Amino acid sequence: MNKSVGIIGMGSYLPERIVTNFDLEKIMDTNNDWIVERTGIERRRIAEKDIATSDLGAKAAEAALLDAGVKAEEIDLIITATLSPDMNFPSTACIIQEKIGAVNAAAFDLGAACSGFIYALTTAKAFILSGQAKTVLVIGAEVISKLLNWEDRKTAVIFADGAGAAVVSGVEEGGILSTALGADGTGGKFLYMPAGGTRMPATHETVDKKLHSVVMDGSEVFKFASRKMVEVSEEAIRRSGLTLNDIDYLVPHQANLRIINNAAKRMNIPMDRVYVNIQEYGNISAASVPIALDEAVKKGHIKKGDHILVVGFGAGLTWGAAIIQWNK
Ligand code: COA
């Protein structure tokens, strides 16, 4: 059994439809300058009406399998991190399992919002190290556009759709050196969806009041994220036995450019060693980190042997970071 676990292939998929800040100006009281200045977002991808999260997740998964040179039948576990599942049950992971023909895989969803991919990566590593799985498909997929109140300009300009995936398996050396996760349920009220669960099942009233959509206290989330991103990164670095100076590249959750800039500055990582695509895609929650990681690798920013810090935070509140020595 391998003692190391790493990412052996990655893929991502974005819906084709681009919605710019100027498009949003036409449907709500907002403007391009405000959105760019406060968030860094210039445009985002929005899925067509007939597309659900599993459709994007399956495409990202197929790209990751191709990249890894692994067949769908070789996957023995699928973990899908999402806050926008196709439906309450069955899990989106099971729906993706059918779509890609991963007939030998167990499958489940993982709910840690925007930290979901890092939680799922940590889970995949634990399954492999304990001998319960050999090859795990970790997917972050979201269609958040269908969970937004398009009259709430504080959330509608931020979130968007897309998917990223990683094939995780035993490797000779390097790989996922360490992870660190955390949660603080007392902050759940700062980012949540009120209705649609057992606390507040769907009624005409919940629909009329638009309670089936994301509610966010932006400034509370901003304060929490700015603090936690650095703290959890430092914890993951400490657990890896490395120091900040050993980190070659930072791939953060793409929630807000100001949060990313502040965190990079506090960790003394120059912005040319930080991957940023928020201007193109907005915040895609659990899909944001794997899409960014996939792009950073494919654009040549990350090379074999590099030490990568990936870090995320989100609803829960949750947070997580991983140190990965790139294997490919
Ligand atoms: N367009 C124009 N004006 C807007 C707006 C929009 N889309 N959204 C809010 N405003 C207005 C507000 O109504 C407010 O106006 P007022 O002062 O007249 O009341 C003003 O802009 C400032 O609002 P505020 O919410 O204080 O702005 P902010 O600087 O905190 O920025 C966020 C708002 C959402 C961009 C910012 O708080 C943020 O990014 N937080 C983190 C969110 C996040 O990362 N979420 C995902 C976690 S995974």
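For the structure, check the block above.
For every chain, the first residue of its written sequence is number 1, and the numbers climb from 1 along that sequence. Whole-chain, interface and lining totals are the exception, using all residues; otherwise, since this is a predicted model, local features are given only for residues with pLDDT of at least 70 and side-chain atom pairs are given and counted only at 80 or more. Calculated side-chain values reflect all of the structure's heavy atoms, with hydrogen atoms and water omitted.

## Observations concerning the site of the ligand
Selection rule: Whether a residue is near a molecule or strand depends on its heavy atoms: if one lies within 4 Å, it is near. Under the rule applied, a polar contact is a pair of N or O atoms within 3.5 Å (in protein, one hydrogen donor and one hydrogen acceptor; residues adjacent in sequence only if both atoms are side-chain atoms). Computed with a 1.4 Å probe, the accessible areas rest on the Shrake-Rupley method; for each residue, only the protein chains presented here act as cover. Whether a set of points on the 1 Å grid over the protein atoms alone is a cavity depends on a 1.4 Å probe fitting there but being unable to get out, while an open set qualifies as a pocket with protein on both sides within 12 Å along at least five of seven lines; lining residues are those with an atom within 4 Å of a point. To decide whether a molecule occupies a pocket or cavity, check its atoms: if more than half lie within 2 Å of the grid points, it is inside. Under the scheme used here, helices are H or I runs from DSSP no shorter than 4 residues and strands are E runs no shorter than 2 residues, and both carry numbers assigned from the N terminus. Asp, Glu, Lys and Arg are counted as charged, while Ala, Val, Leu, Ile, Met, Phe, Trp, Tyr, Cys and Pro are counted as nonpolar; the rest, among them Gly, fall into the polar class. Per the annotation, domain bounds derive from an automatic or database assignment of domains.
Around the ligand sit 23 residues, and of these Thr30, Arg38, Arg153, Gly218 and Asn256 come closest. Within the side chain of Thr30, an N or O atom sits 2.6 Å from a nitrogen atom of the ligand. Between an oxygen atom of the ligand and a side-chain N or O atom of Arg38, the distance comes to 2.6 Å. Look at the ligand: alone it shows 960 Å² of surface, and the protein chains cover 75% of it. Taken atom by atom, the bulk of the ligand overlaps the second largest pocket. For the shell around the ligand, the secondary-structure elements that each account for two or more residues are α2 (32–39), α6 (153–156), α8 (218–240), α9 (257–266) and β12 (307–314). For the shell around the ligand, the element with the most residues is α8, which contributes 4 residues. Of the residues belonging to the shell around the ligand, the class tally is 11 nonpolar, 8 polar and 4 charged. The residues that make up the shell around the ligand include at least three from each of domain 1 (4–173) and domain 2 (177–325).

## Things to note about the packing of α8 against α9
This is how the line gets drawn: Fitting a line to C-alpha atoms yields each axis, with helices limited to the stretch in contact; the angle taken between N-to-C directions then spans 0 to 180 degrees. Left-handed describes a crossing whose near helix is turned anticlockwise from the far helix through less than a right angle; right-handed describes the clockwise counterpart. Whether two residues are in contact is decided by their heavy atoms: any pair within 4.5 Å suffices.
It is the contact of α8 with α9, at a shortest axis distance of 9 Å, that shows an interaxial angle of 30°. For the element pair α8 and α9, the recorded crossing hand is right-handed. Residues Phe222, Ala225, Ser226, Arg227, Met229 and Val230 of α8 form the contact with α9, whose participating residues are Arg258, Ile259, Ile260, Asn262, Ala263 and Arg266. Class assignment of the residues belonging to the contact of α8 with α9 gives a composition of 7 nonpolar, 2 polar and 3 charged.

## Description of the environment of Met193
Counting through the fold element by element, Met193 comes out in the loop between β9 (191–192) and α7 (204–208). Residues Met193 and Leu83, 110 residues apart in the sequence, show an inter-C-alpha distance of 9.7 Å. Here Met193 is in contact with Leu147, Leu211, His212, Ser213 and Val214, once residues within four sequence places are set aside.

## Here's the deal with the sheet that holds strand β1 (residues 4–13)
Keep this limit in mind: One bridge is not enough; two strands pair if DSSP finds at least two bridges between them.
Read from one edge of the open sheet, 5 strands run β1-β7-β6-β4-β5, paired in mixed fashion. Lying at the two open borders of the sheet, with one neighbouring strand each, are β1 and β5 (106–110). Direction aside, the axes of adjacent strands within the sheet are offset by 20° on average. Relative to β5, strand β4 (residues 77–81) runs parallel, the two sharing 5 bridges. Bridging from a neighbouring strand, Ala81 pairs with Leu110 of β5. Against the sheet, helix α4 (residues 92–100) touches β4, β5 and β6 (135–143), its axis set at about 125° to β4.

## Here's the deal with helix α5 (residues 116–129)
Two residues of an α-helix separated by three or four positions point the same way, owing to the 3.6 residues in each turn. Here is the rule we go by: A helix is expected to span 1.5 Å multiplied by its residue count minus one. For the exposure calls, accessible area comes from a 1.4 Å probe over protein chains only, and a residue counts as buried if that area is under 20% of its type's maximum, exposed if over 50%, partly exposed in between.
In this model α5 runs 20 Å from its N-terminal to its C-terminal C-alpha over 14 residues, within 8% of the 20 Å that 1.5 Å per residue would give. Across the 14 residues of α5, 10 count as buried, placing the element largely inside the fold. Positive backbone phi, at 80°, marks Gly131, one or two positions downstream of α5.

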